[in-house]
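Coordinate inspection notes
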Amino acid sequence: MKKIGFALLFFLFMSQTVHADFDVQEAINAANPGEVVHIPAGRYQGNFIVTKPITLQGEEGTELISKRDNPALRIENTANVTVENITLSGKNQAIVASTVDGLELRKLKIKDVHTGVHIQHAKNVRIQDINVTGIEGHYSKKGNGVAVFKSEDITVEGNTIEQVQDGIYIEEVKHIVVQHNKVTSSRYGTHFMYTSDAEVLFNTYDQNVTGLMVMMTTEIFFENNRVTNNVDFNGYGMLLYDVQQAKIKHNTIKNNRTGIAMQKSANIRIETNDFQMNQTAIEGTKVSDDTVASSNNFTGNILTARSDKQGFQLVNNYYDDYSGIDLKDNGIGDVPYVAVSSFGQWMVRQPVYQYFVASPSVILLTSLDQQINKIEKNMLVDNTPKLAITHVKEKNRMNVVQMLVGLFLTLSSLWLWKRGITE
Amino acid sequence: MMYSMLIKLELKQMLRSRWMQLVGILFTFVFTAIIVIQQMALPDVEGFTRQTASFLNVLLFLLPLFILTIGSMSVAGDVESGWFSLLKTYPMTRTQYIAGKYIATVLAFLLVVVVAFGVILALGGFLGGVRLPFIFIVLTLLCIFIFASLAIAVGAFAKTRLFALSLSLVLWSVFLLLISYALMAIGTVVAGHILQKLTIVAIHINPVEWLRFGYFIFTDQASVLGPAFFKVTQFYSSPLGYVVYLAVTLLWIVCPLAYTSSLLKKGDRR
């Protein structure tokens, strides 16, 4: 009986692993340009190469497994290639595409790999609905989910990436749209280097070391992204280093160690974003005079803004810790909001001071600062603080058990107190 | 028999004291107001936020102040009024007196915080969306255990009620504010790595910082303290670190009580 069981299990395993009658590379070689190569369900091990304009189409259960350290699929020196509906796995890279004009990668599942998709010297690329899950271990031992180098006109859309080094890594790319992606549990959600003309829209970055890392990049636009829970050591919601002309609009930046940090950057516009419950909402060092944070909502942040001596502009934002009044009744506070605090400035100069963040001594110091700094006119001062925002608050429901436990505790301890006095 | 009578008597005196009753009302009111208002006004988020910072700071500001002043004045009052000399004529050891005082102070403050927590839970249950994190209950208990011990030592050292009050206030401000300000001031003239080492020393020699540090360790939010403290937080987040944390906490309780014993012994000889 046991033997029959093993035989059945072996048969089941084998039927899943190999499709006996199909050779993927032979089918690719035999296909004419523009044809669709349909790969039946099954596990195919090899290092497959595409060098002509074809479509590789899998079905439920189609899996390409790389042999040794080479990529499972290589696409090179060609145009108009589409790969869809396939699972890829392997030791090193799943897909490598180089010198391709017109590439679509759709509905792919990539697992247990060092790097998911690696693209270089490509044009007109669309990476859509792919799912990358990296290997376990430290970030330094992992590769990127999707990496694009020296390319033009790229769209990375609707992908789910987790447990990799950088979810989406972009280097030396001209015109790229990154939208509707979700990157979690990685080092950087999306990492831009030496890129120009980029749009980052409707993405979710959650529980990474840093949500968006942008370095040496020009003309970049962030809108409607959700950057949350990046609270690790050195964690940032967004870090902009040496960035020129960035617009950050209508994003939710919540519960990060630092919401947005700008270093050595110029012409940054931060508008209509929601900064909620960050340890520091915005930090700026060596940023140009034309950097402005306007019409944002700051709610529940421990420190609203901190900067070096250069500072940046705060205009018409809502601050939940603003204590001024509006006698003119125009929705704007009558006295300026001063975000500058001694502790915030120290923390920029000497990172060790972070230990004291929100400690009793710092809370008292900040309260005194708010009184003393009322005369501050230039640095981190909002002369037109907005007074009210419309909050859509979740309706809290009564918790009867908690209420009864509370009442019991209160009454019984008061009874004990009274008994202690009278007896 | 005599020992349990002493605890009962001490507890009764403490609970009868108008000061203690006012402290109970004040603590409950401030604690409840801040927690309920903050939790109702701000989005519910896991991690170290302004509301958890407020929660922690209210705890660290108020509880040590109340325990130090009331506890120390209770012991100093005994010495000043001759009550302690009278007690010595009864069949009771010095250790029993100190332990009795300590237990009575701890029980009295436990009652105060249970009233406050009860009100928070009841009001929070009624309004919805207000929780009382378990770590805050643990921290509150540790705070009471450590500062009740320190209060008794301060009282034994001061010997008069007025001196005990002023000494408690000085000690409270040193623990809460002055050590931190001194470190921050030193940080402006020394290198970062020296400030980091001094801060680590301060964590161990300041019970307020010790409790605050414990909050970050036990809630797995050590990253709030910054990368400069990565190694020390990593150590205290390990099983051995937990044991060391417990040992240091016990030292903070036992050492002041032992010091009290030696102070009262010296007094006996005189």
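Computed from a predicted structure; not experimentally measured.

Applying the stated criterion to the full structure yields 26 aromatic pairs over all chains. In this structure an aromatic cluster arises from ring pairing among F27, F31, F55, F117, F136, Y215 and F216 of chain B. Over the face of the ring belonging to Y188 of chain A we find R187 of chain A, whose NZ or CZ atom lies 4.1 Å from the ring centre.

Let's shift gears to the pattern of salt bridges. All names here are of chain A. Counting across every chain of the model gives 11 salt bridges over all chains. A salt bridge links R74 to E76; the shortest N-O distance between them is 3.2 Å. R74 sits in the partly exposed class, given a relative accessible area of 30%.

It is worth spelling out the interface of chain B and chain A at this point. Facing the 64 residues of chain B at the interface are 52 residues of chain A. Summing both partners gives a buried area of about 4900 Å² for chain B against chain A, and 67% of it is carried by carbon and sulfur. Among the residues of chain B in contact with chain A, R50, M184 and S223 of chain B are the three that bury the most area, contributing 14% of the side total. The tally of links between chain B and chain A comes to zero salt bridges. Inspection of the chain B/chain A interface yields 15 residue pairs in polar contact (both at pLDDT 80 or more).

Residue and element names in this part refer to chain A. A surface patch of negative charge is lined by E152, D153, D197 and E219. Along the chain, D153 falls in strand 10 (residues 146-157). With a relative accessible area of 31%, D153 lands in the partly exposed category.

So, on to the side chain of N181 of chain A. Tracing the chain through its elements places N181 of chain A in the loop between strand 12 (166-179) and strand 13 (182-184). Within the structure, the side chain of N181 of chain A is placed 3.3 Å from the backbone nitrogen of G158 of chain A, a separation counted as a polar contact.

Moving on: the domain arrangement of chain A. Residue and element names in this part refer to chain A. Domain annotation for chain A reports domain 1 (22-208) and domain 2 (216-406). A separation of 37 Å is found between the C-alpha centroids of domain 1 and domain 2. Taken residue by residue, the interface counts 17 residues in domain 1 and 16 residues in domain 2. In total, domain 1 and domain 2 occlude about 1400 Å² of area from one another, counting both sides; carbon and sulfur atoms represent 46% of this. It is V200, F202 and Y205 in domain 1 that bury the most area against domain 2; as a group they hold 28% of the surface buried on that side. Linking domain 1 with domain 2 are zero salt bridges, by the criterion used here. At the boundary of domain 1 with domain 2, the tally comes to 21 residue pairs in polar contact (both at pLDDT 80 or more). Counting residues per element, the ones that place at least two in the side of domain 1 that touches domain 2 are strand 14 (188-193), strand 15 (196-201) and strand 16 (204-206). Ranked by residue count, the leading element in the side of domain 1 that touches domain 2 is strand 15, at six residues.

Quick notes on the rules
- Here the residue numbers are simple positions, counted from 1 along each chain's written sequence.
- As they are written, the chains are lettered A onward and the ligands numbered 1 onward, keeping that order.
- Per-residue local features are limited, in this predicted model, to residues with pLDDT of at least 70; the limit for side-chain atom pairs, both in listing and counting, is 80 or more; totals at the level of whole chains, interfaces and linings are taken over all residues.
- Heavy atoms from the whole structure form the basis of all side-chain values; hydrogens and water molecules are not counted.
- Aromatic rings from Phe, Tyr and Trp, with only the six-membered ring used for Trp, were paired whenever their centres fell within 6.5 Å, and each pair was classed as stacked if the ring planes differed by under 30 degrees, edge-to-face if by over 60, and tilted otherwise.
- Two thresholds decide whether a charge sits over a ring: the Lys NZ or Arg CZ must be within 6 Å of the ring centre and within 35 degrees of the ring normal.
- Any carboxyl oxygen of Asp or Glu that lies within 4 Å of a side-chain nitrogen of Lys or Arg is treated as forming a salt bridge with it.
- For every residue, the accessible area obtained with a 1.4 Å probe (protein chains only) is divided by the maximum for its type, and the residue is called buried under 20%, exposed over 50%, and partly exposed between those limits.
- Should any heavy atoms of two residues lie within 4.5 Å, those residues are considered in contact.
- Put simply, buried area is how much 1.4 Å-probe accessible surface two parts lose in total, over both of them, once they are put together.
- Polar contact criterion, stated in full: a pair of N or O atoms within 3.5 Å, where within protein one must be able to donate a hydrogen and the other to accept it, and residues adjacent in sequence count only if both atoms are side-chain atoms.
- Like-charged residues within 9 Å of one another, or nonpolar side chains (Val, Leu, Ile, Met, Phe, Trp, Tyr) within 5 Å, are grouped into patches, provided each residue has over 30% relative accessible area and no salt bridge.
- The Shrake-Rupley method, run with a 1.4 Å probe, gives the accessible areas here. Residue values count only the displayed protein chains as cover.
- When charges are tallied, Lys and Arg are placed among the positive residues and Asp and Glu among the negative ones, while His and the ends of the chain are skipped.
- In this description, the location of a charge corresponds to atom NZ of lysine, CZ of arginine, CG of aspartate or CD of glutamate.
- Runs of H or I in DSSP of at least four residues are treated as helices and runs of E of at least two as strands, each being numbered from the N terminus.
- What fixes the domain bounds is an automatic or database domain assignment.

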